[in-house]
Amino acid sequence: MEKVLTRNIGLEQEPTNLKAYEANGGYQGLRKAMAQMSPKDCQDVISASNLRGRGGAGFPTGMKWSFVPAAEKSTPGHRYLVCNADEMEPGTFKDRLLMECDPHQLIEGMILAAYTIGADISYIFIRGEYIVAIQRLRDALAECYGAGLLGENILGSGYSLHMHVHPSAGRYICGEETALINALEGKRANPRAKPPFPQVSGLWGRPTIVNNVETLCNIPHIIDRGADWFKTLGLGEDAGTKLFGVSGKVNNPGCWELPMGTPIREIIEQHAGGMQDGYQLKGFLPGGGSTDFLTAEHLDLAMDYNVIGAAGSRMGTGTMIILDDRTCPVGMVLNLIRFFAHESCGFCTPCRDGLPWSRQVLQDIEEGRGQPEDLETLAYQVRYIGAIGNTHCALAPGAMEPLQSALKYFYNDFKQHISAGRCPYH
Amino acid sequence: MSKSQMIQTDRGSVLTAQEIAEIDAELGHVPYKSGAAIDALKIVQAKRGWVSDECLQAIARHLEMSAEELEGVATFYNLIYRRPVGEKVILFCDSVSCWICGCDDIKQKISAALGVDYGETTADNQYTLLPVPCLGACDRAPVMMVGDDLVTHLDEAKVKALFGDVKVEAGGDQ
Amino acid sequence: MPTIFVDGQELQVNDGENILEACLNAGLDLPYFCWHPAMGSIGSCRQCALVQYQNEEDTRGRIVMGCMTGVTEGARFSLNAENASEFREAVVESLMLNHPHDCPVCAEGGECHLQDMTVMVGHRDRRYKGKKNTYRNQYLGPLIHHEMNRCITCYRCERYYKDYAGGRDLGAQASHDHLYFGRHEEGVLENEFSGNLVEVCPTGVFTDKPFLKQYSRKWDLQSAPSICTGCAVGCNTAPGERYGKLKRVHNRYNHEVNGYFLCDRGRFGSGYINSDARLDYAGIKKPDGSFMAVHQQQALTTAASWMQGKKVVGIGSPRASMEANYLLRELVGAENFSSGFSDTDSDLMAAVLKILKTTKASNPTIKQMETADAILVLGEDVTNTAPRAALAMRQALRNKSFELAEQIGLPKWQDAAVRNLAQDQLSPMIVVSAMDTRLDDVASHCISLAPDQIAEFAVMVVEAMAGEAVADKQAKQVASILQQAKNPLIVSGTSMQHRGIINGAVAVAEALISKDSNVMLSLCVPEANSLGSAMLSKGSKTLSQLVSTVADADVLLVMENDLERRLSAGQIDLLTADGTQVIAMDVLENNTLGASDMVLPAASFAESEGTLVNMEGRAQRYFPVFQPAAERLASWQWLLKLAAETGHKSLSKLQHFDQVVAACAESQSDLAGLIDAAPDHSFRDRGLKIPRQTHRYSGRTAMNAAVSVHEPQQPKDTETPLSYSMEGLNRDQPSSLRPYVWSPGWNSNQSLQKFQAEVDGPLKGGTAGKRLIVSSSKGAVSKAPKSTMEMQPHQWQLIPVHRVHGSDELSVSTDEIAELAGYACIALGSVVAEKLGVDTGDGVCVSVDGEEVSLEVQILQRVAKNCIGFSAGYGETLSLHAGSTASLSKDTNWQRRSPQLIASDRTIADPVIIDGGSAHV
Ligand SMILES: Cc1cc2nc3c(=O)[nH]c(=O)nc-3n(C[C@H](O)[C@H](O)[C@H](O)COP(=O)(O)O)c2cc1C
Ligand code: SF4
Ligand code: FES
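Residues numbered from 1 in each chain as written. Chains lettered and ligands numbered in written order. Predicted model: local features only at pLDDT ≥ 70, side-chain atom pairs only at ≥ 80, totals over all residues. Heavy atoms only, no water.

(A) Spotlight on a nonpolar patch on the surface. Side chains of Phe59(A), Met63(A) and Phe67(A) sit close together on the surface and give an oily, nonpolar patch of about 290 Å² of accessible area. For Phe59(A), the location among the structural elements is in the loop between α3 (39-49) and α4 (61-66). (Patch = residues over 30% accessible without salt bridge, like charges linked within 9 Å, V, L, I, M, F, W, Y side chains within 5 Å. Areas by Shrake-Rupley, 256 points an atom, 1.4 Å probe, with all protein chains shown as cover. Salt bridge = Lys/Arg side-chain N within 4 Å of Asp/Glu carboxyl O. Helix = DSSP H or I, 4+ residues; strand = E, 2+ residues; numbered from the N terminus.)

(B) Region of the structure containing helix α8 (residues 177-184) of chain A. Residues and elements named next belong to chain A. Burial runs high along α8: eight of the eight residues are buried. Glu177, Thr178, Ala179, Leu180, Ile181, Asn182, Ala183 and Leu184 are the residues of α8 that are buried. Phi for Gly186, located one or two positions after α8, is positive at around 80°. (Buried < 20%, exposed > 50% of the residue type's maximum accessible area, 1.4 Å probe, protein only.)

(C) Looking closely at the site of ligand 2. Residues in close proximity to ligand 2 total 13 residues, the closest being Cys345(A), Phe347(A), Cys348(A), Cys351(A) and Cys393(A). Its residues assigned to classes, the shell around ligand 2 comprises nine nonpolar, four polar and no charged. (Near = heavy atom within 4 Å. Nonpolar A, V, L, I, M, F, W, Y, C, P; charged D, E, K, R; others polar.)

(D) Structural view of the interface of chain A and chain B. Facing 50 residues of chain A, the contacting portion of chain B comprises 38 residues. Here chain A and chain B share an interface that buries about 3400 Å² over both sides, 61% of which is from carbon and sulfur atoms. Here chain A is connected to chain B by zero salt bridges. Linking chain A to chain B there are 19 residue pairs in polar contact (both at pLDDT 80 or more). Of all the secondary-structure elements, those providing two or more residues to the side of chain A that touches chain B are β3 (162-167), α8, β8 (319-324) and α13 (329-343) of chain A. Ranked by residues supplied to the side of chain A that touches chain B, first place goes to α13(A) with seven residues. Residues that form the side of chain A that touches chain B fall into these classes: 23 nonpolar, 16 polar and 11 charged. (Contact = heavy atoms within 4.5 Å. Buried area = accessible area lost by both parts, 1.4 Å probe. Polar contact = N/O pair within 3.5 Å; in protein donor to acceptor, adjacent residues only side chain to side chain.)

(E) Representation of the nonpolar core within the structure. In this structure, Met332(A), Leu403(A), Phe414(A), Tyr77(B), Phe163(B), Ile4(C) and Tyr160(C) are the most contacted members of the largest nonpolar core, which totals 207 residues. For this core, the leading source of residues is α13(A), giving nine residues. What Met332(A) contacts, discounting residues up to four positions off in sequence, is Leu285(A), Phe293(A), Ile321(A), Leu323(A), Val96(B), Trp99(B) and Ile100(B). (Core = buried A, V, L, I, M, F, W, Y, C linked by side-chain atoms within 4.5 Å.)

(F) View of the interface of chain A and chain C. If you look at the interface, chain A gives 43 residues, while chain C gives 42 residues. A buried area of about 3300 Å², summed over both sides, lies between chain A and chain C, and 53% of it is on carbon and sulfur atoms. Summed over the three residues of chain A that lose the most area to chain C, namely Arg188(A), Trp357(A) and Tyr380(A), the buried surface amounts to 19% of that side. Between the two partners, chain A and chain C, sit two salt bridges. Linking Asp374(A) and Lys129(C) is a salt bridge whose minimum nitrogen-to-oxygen distance equals 3.5 Å. Our count for the chain A to chain C interface comes out at 19 residue pairs in polar contact (both at pLDDT 80 or more). Elements that contribute at least two residues to the side of chain A that touches chain C include exactly α13, α14 (349-366) and α15 (372-385) of chain A. Considering each element in turn, the side of chain A that touches chain C owes the most residues, 10 residues, to α14(A). Within the side of chain A that touches chain C, the residues separate by chemical class into 14 nonpolar, 17 polar and 12 charged.

(G) Expanded view of the pattern of salt bridges. If you walk through the whole model with that rule in mind, you get 67 salt bridges over all chains. Here Lys64(A) makes a salt bridge to Glu177(A), at a shortest N to O gap of 3.5 Å. Taken together, the residues Lys64(A) in helix α4 and Glu177(A) in helix α8 connect sequence positions 113 residues apart. Take Lys64(A) and Glu177(A): they sit in the same class, and that class is buried. Here Arg140(B) makes a salt bridge to Asp139(B), at a shortest N to O gap of 3.7 Å. For Asp139(B), a relative accessible area of 17% gives the class buried.

(H) Structural view of the domain arrangement of chain C. Residues and elements named next belong to chain C. We note that the domain assignment places domain 1 (3-95), domain 2 (346-531) and domain 3 (795-890) within chain C. The gap between the C-alpha centroids of domain 2 and domain 3 is 26 Å. Between domain 2 and domain 3, the residue contacts involve 21 residues of the former and 17 residues of the latter. Surface buried jointly by domain 2 and domain 3 totals about 1400 Å² across both partners, of which 58% is contributed by carbon and sulfur atoms. When the buried area of domain 2 at its contact with domain 3 is split by residue, Asn384, Met435 and Asp436 rank highest and sum to 44% of it. If you look at where domain 2 meets domain 3, you find one salt bridge. Measuring nitrogen to oxygen at the nearest pair gives 2.8 Å for the salt bridge that ties Asp440 to Arg862. Inspection of the domain 2/domain 3 interface yields 10 residue pairs in polar contact (both at pLDDT 80 or more). Mapped by element, the contributors of at least two residues to the side of domain 2 that touches domain 3 are α12 (382-385), β19 (429-433) and β20 (445-448). (Domains from an automatic or database assignment.)

Right, dumping it as structure tokens:
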């Protein structure tokens, strides 16, 4: 298979090396767009490519961009492009790779995206802990400003764009795009109510697009090589390639670029090398900590948004977390809920107070104090917190996904904890 | 000068010219002064290890915000420290992949070696141990950051190599 | 008007409202916390959930938040669907996780919105077994008590305090379930409207601290509809009494005046009513200068003997009711009467009255001020002179953001979204003043000019609007801003004691009218009944005129007026010169009483009835909350009795309050409306008087058992339609008679919506009060008499600086207000301070005409050239007058004073460490 997003990864040169990036075809998409494509042309290509957001929700990127009001219909002022490089979803480790190993690819994608939507300022909102990535992005930005790829009149096209790196002060909710916007504004990162969507009123009240790192990294290639080419990369319905990852007790945990629609079994057994000796696969979260568990019976499904959705989970970020037979599912869910409860922004009640309540019940069960009625309480909490719309943003419903599916697939484990008065895995 | 000494001298001091210059550079990237609030907090913290009340007030004044507004921002985020921390902060990942790969055991070993629990600083002021959500290195679990460095594939040997000869009493309650 | 369906019921709803509002308007009980009618929606508490269905076939629907969902034609909802009720119960159950369940000792108990909602959703059994989070409380000053453990994190406090009232020193801190609402450090809440936190917080986090010291449950309070006497805005209040003490003051909704909010002077400034400085008995001065206490009748007989057949002159008061002032005027005759204004105020008030009667601009209600899209303030620090009006002006500045919101189809009630969209964009407001005002923070332009120049500036604006060549760039800019506005508002007033400024304001307004715009002109006046007093002063004398003839008089009657605040020391000496017997009646002891020959204890506003005319010319009636202690009488009653005792021709026929009102209303055509300020004593609601006590009022038979075991009869109220009892109905009364709000299931003040015709709209019982002043729209005189002060080097012009806490005569006799008022100050710009070599807290000698006072220095942000400010209305500064010139020198003997605020209940020495501050440390 052709490597697209990771073609520069593993090269000998320094990752920030503009020369090496260009030598390998870098900034061709940008040069092409600046020389011969209007923003509308770019928009059409991206819409036609069927690129879907890689940040977790899988929203079609072209459609998202098309909601930005036409410049002549909107009040004059800045427009912003923001790259979401917060990557704090437990079990997710793909954007780090893209930024540390090929920062120019992201920058090129961002310039193209900004050009398309008419943005004049862009920010990379990145996890503060990603020290190496921050440094490499900053170095790469400096190279770009030096080479006329950023700043005023990019490549003589008349288009100007500024780009800044904003390292986060750390909270998972900053990954939610409207919370991220508040964080960029220097405020408390509570999510905003939608509508209005950021495309209309985002950063500092201006039209804003927020895209994931991986989404943006796809842009240069699509512009350069066209929508049709991009669509041929996927094995199934979804277009392009995707970074898939596996963590947990497998022989070769890691992250690989594979075609969209690659079967789960192939990812786990071939690329991740299968389960470690003495461990059996009991279940897995297909796309990070806020997706529903799937089990061995789902191994032959393709990693496609709709396929995984039909199976009752979400493709999320495409980085899987494997639950093995010697790890306690209750403990795993407790670990996740503890994370979500702590990372709640505290704005809305079901999340702020409901998640600690679930955490308490799970902790009681895990530590042997569970009561039979606790299972009912958990189911009640899933109904209460788990539906989109019950809460102000998607954090809390995401938090309930592992719990709700664990209650479905691992109900016996919960019951055993309660009847035995202890965790059977210890 | 070590950071611990800086903290001592911090009482009553205001922002240094260097800090102000760095904050002002950030102001160029945002349309409102308060937009640089988080950057400013991080700049000051990078120099002093944490953000004292005095610093918080000084930053707020510089950004034309009220201390309350800035306090609201500072206390919202995990990585802004409003209490003193040691020379290096250990950000120990306790999220799901690391947990599956046995981070609880490793955490106990670190605690035993350093004599501190989460939220505490070693008596020699070298380390403050804090939990951190998933560090995005799950394929190399368990992991942690010590200062700016990512340490992966943690096991007993690595803990020993890093902290093994640190022999200190439990630090003050932070 | 869209039609929607709620549980099958068809409802006609208002365009653009949200479904929570629609449900409340339909009388449905949909619980909520974070939404507030004046502050809109943010969707944080998730309490107002209901189910929305796609269409008729959809049987599952999905949960939506009522406050975040706009109504659309044909939309279908259910309140009663099982998942909706389960969800709402779950929300309360989670809010209760950390709530301390301390209702029995909580000041909110019995009027707690959280209690009401808990019962409403049916939450009873607790399933959570974990530990509760606990927090440290902060010292927030003498007015507000903080009890964080009770917080349910609805964000209302922060939104009210920061977003609505413009405060900066309270906010949300930390995150997840460690959220904390407080200050950065302990200390006095700085905002003048902090007291509304008490009513905005749906539970007991922010409570009324003075009330806590003498606490009673809401249901044990006896209340009456009242009017705040703190300033001329005339906010409607609901004071509560028990055991003969005024316990607290709550807001009483008046759609056109104060809406939901009061200022802190209004809420907390009535404590003086319980003060030891109240007179208990009438007194007659003995030769040794001390007073002999006498009974009412003896005082009356003696006074009558002094007065009968003698020349009697009277001084009324702009802080006393229309009825009392009218009676005094009639008793002594208009030619022997002075309204009691200082001479300058007298001039200014006459001018204001004339302007209001003739201007083509409309005189807005406070609510209408909120509709302004551009504001020009001339010379007034409105926050300190008419506080509630300033709060309305702050809201008006948001009209710019509503305009932007409308462009993208965003409803007004989407509060956070509208703010995010608009960021710092506000409608323009130009503040032209001699120094800092408390609206500077939101002004688009602050222009610092001395009073004469403010007047001149206004003239230049007028000239610029007329297209004349004006050199002043700012004047041109202001002219164009105002001309572009659809609803410009001009605000000025008397506080600078400068006629030219007021004339300037009128001139600007009138010039705009000729440009065809919908101009509002609002003039702030000094006291609760200043405008009413001005209306009553036809044919009467100014104070100086009265003083100069007082030697010819045998008796001087002074009513509710501390003349020290209006006259010079020399004039006061004249008044009390030998030969004239002075009889003074007042609420609190003061130097005028001290210098009198007889004193009569007057009932306060809370113990009497009366009508006040506010700055918009609205006559509003207050009613006694409780009966005055034995020997006190309302001033109108003292005067009626004196009239009877002296056999006054017409007045001795009057006996009752309503008769006085009627007589006053008949006396002058513009007072005819007084009768309509509120229904008279004969009003009955379904045959019953209106009860001042709640139907749960407890201990009625036993509350005085410590004094006497005999059960006293309930006092009778023969003067008003209210009764001192609990028998009666609490429904549909005329708004001017509603003592408190309560509705089954709604024990908190949120029950108000049951009394509103629609959410945030007028009350079902009509809007209380009656506008007396209607403009003839002839166009007001607008020629400003030009006066320019020539300043000598090292001479400064004195500018009065008004303070919510400190400048008002009566409220400052309340301990908490006195604590906040601090010392009188001299306010300097930093340049002058530097020249004098002084800093904040140092002393400066201010000398005017050879008289010297030393005052503490306060440094201001902006001060007009040659101007210095002095705290107006403070005892220390009574000798200083607006417009005089003063010279300054550093007071080298000055002892720096420690801040006056005594944090008596401040127990925590170290700074508060918030639980979970930075979550990981
Ligand atoms: C609680 C929460 C956390 C999120 N964290 C991230 C994140 O770290 N990175 C990311 O790209 N998207 C994250 N998202 C999704 C973003 O809100 C948004 O959908 C995404 O950045 C859009 O980019 P895309 O269209 O390119 O996928 C998060 C969403 C939620 C609700
Ligand atoms: S669900 Fe609510 S509390 Fe949780 S993170 Fe989202 S907005 Fe904040
Ligand atoms: S009142 Fe609707 S969410 Fe709070």
